[in-house]
Amino acid sequence: MAGSSRKYIEKVLKILHETERDGLLTDHRDEGLSGISGLKTVGVLQRLARLFASEADACYLEIGVFQGLTLVSTALEAPELTCFGIDNFATLDPEGENQAIVRERLDRFGTPNATLIDADFEAALEGLDARLQGRKIGVYFIDGPHDYRSQMVCLLAAKRHLHERAVVIIDDANYPDVRWSTRD
């Protein structure tokens, strides 16, 4: 392994250890920013976004926005980094309110660097070139549908858009279909 690659991996591991020890960089729960992602997941995404914040050709992408906790928290922590969240709000939204909640939070917290892509993840990934405008995905958070095929599509469709030092975070990796497709 080349020296610079090893140092980069050590830097990412340090981020994981810092998050395990210290949790969130900035906590906005008292201001009404909530969701179902774990606080350590949010803390890791915040730190990883900072890692790419100074790179104009990098961005953050997440699949599965729910109510915007990870998208807003990440965008706030790295205001220089373009952030995208993809969700069509077809699941986990029995009252049909999540899209409005996300948009309200993006406005209230002042995250002009964050864009909600209201689309099916497959369609959004197919049309990603137009959104990225030459950027590469530095941090890729996958928390979308947890069936085998969907997970595989999320991984394969984004592959050509990944930054050479991309970090991919897969939520719910203990689910059998997610684990199997990720392994495959």
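Keep in mind the model is a prediction, meaning the values are calculated, not measured.

Cut-off values and rules
- Residues numbered from 1 in each chain as written.
- Predicted model: local features only at pLDDT ≥ 70, side-chain atom pairs only at ≥ 80, totals over all residues.
- Heavy atoms only, no water.
- Axes fitted to C-alpha atoms, helices over the stretch in contact; angles between N-to-C directions.
- Helix = DSSP H or I, 4+ residues; strand = E, 2+ residues; numbered from the N terminus.
- Parallel < 35°, antiparallel > 145°, perpendicular 65-115°, else oblique.
- Left-handed = near helix turned anticlockwise from the far one by under 90°.
- Contact = heavy atoms within 4.5 Å.
- Salt bridge = Lys/Arg side-chain N within 4 Å of Asp/Glu carboxyl O.
- Buried < 20%, exposed > 50% of the residue type's maximum accessible area, 1.4 Å probe, protein only.
- Arc of directions from axis to C-beta.
- Nonpolar A, V, L, I, M, F, W, Y, C, P; charged D, E, K, R; others polar.

Draft legend 1. Region of interest: the packing of helix α7 (residues 148–158) against helix α8 (residues 176–183). Two elements in contact, α7 and α8, have axes whose closest approach is 8 Å; the angle formed by their N-to-C orientations is 40°. The pairing of α7 with α8 is recorded here as oblique in orientation. The handedness of the crossing between α7 and α8 comes out as right-handed. Taking contact as the criterion, the partners of Tyr148, Gln151, Met152 and Leu155 in α7 are, on α8, Asp177, Val178, Trp180, Ser181 and Thr182.

Draft legend 2. Structural detail: the pattern of salt bridges. A full pass over the atoms with the stated rule returns 12 salt bridges. Residue Arg6 is joined to Glu10 by a salt bridge in which the shortest nitrogen-to-oxygen separation is 3.4 Å. With Arg6 and Glu10 both in helix α1 (residues 3–22), this residue pair falls four residues apart, about one helical turn. Between Arg165 and Glu55 there is a salt bridge, with its nearest N and O atoms 2.3 Å apart. Note that Arg165 is positioned in strand β5 (residues 162–170) and Glu55 in the loop between α2 (39–52) and β1 (58–63), a separation of 110 residues in sequence. Relative accessible area serves as the criterion here: at 25%, Arg165 is assigned to the partly exposed category. Taken together, the shared-partner salt bridges in this structure form one network comprising Lys14, Glu18 and Arg47.

Draft legend 3. Molecular detail of helix α4 (residues 98–108). By the burial criterion, the buried members of α4 are Asn98, Val102, Arg105 and Leu106. Buried residues in α4, looked at end-on, bunch into an arc of 100°, giving them a common side. In α4, the exposed positions angled more than 90 degrees off the buried face are occupied by Ala100 and Asp107. Structurally, α4 contributes buried residues whose contacts are with α3 (69–77) and β3 (114–117). Gly110, located one to two residues past α4, shows a positive phi value of around 65°.

Draft legend 4. View of the packing of α1 against α2. It is at 9 Å that the axes of α1 and α2 come closest, and there the two elements cross at 145°. Where α1 crosses over α2, the handedness of that crossing is right-handed. In contact with Tyr8, Lys11, Val12, Ile15, Leu16, Glu18, Thr19, Glu20 and Asp22 of α1, α2 contributes Lys40, Gly43, Val44, Arg47, Leu48, Leu51 and Phe52. Grouping the amino acids of the contact of α1 with α2 by side-chain chemistry returns eight nonpolar, two polar and six charged.

Draft legend 5. Region of interest: unusual backbone geometry. The phi torsion at Phe89 lies on the positive side, around 60°, for a residue other than glycine. Tracing the chain through its elements places Phe89 in the loop between β2 (82–86) and α4. Phi at Leu92 takes a positive value of approximately 55°, unusual for a residue other than glycine. Inspection of the secondary structure puts Leu92 in the loop between β2 and α4. Since its relative accessible area comes to 57%, Leu92 is described here as exposed.

Draft legend 6. Spotlight on α7. By the burial criterion, the buried members of α7 are Ser150, Gln151, Met152, Val153, Cys154 and Ala158. Buried-residue contacts for α7 involve β1, α5 (121–126), β4 (136–142), β5 and α8.

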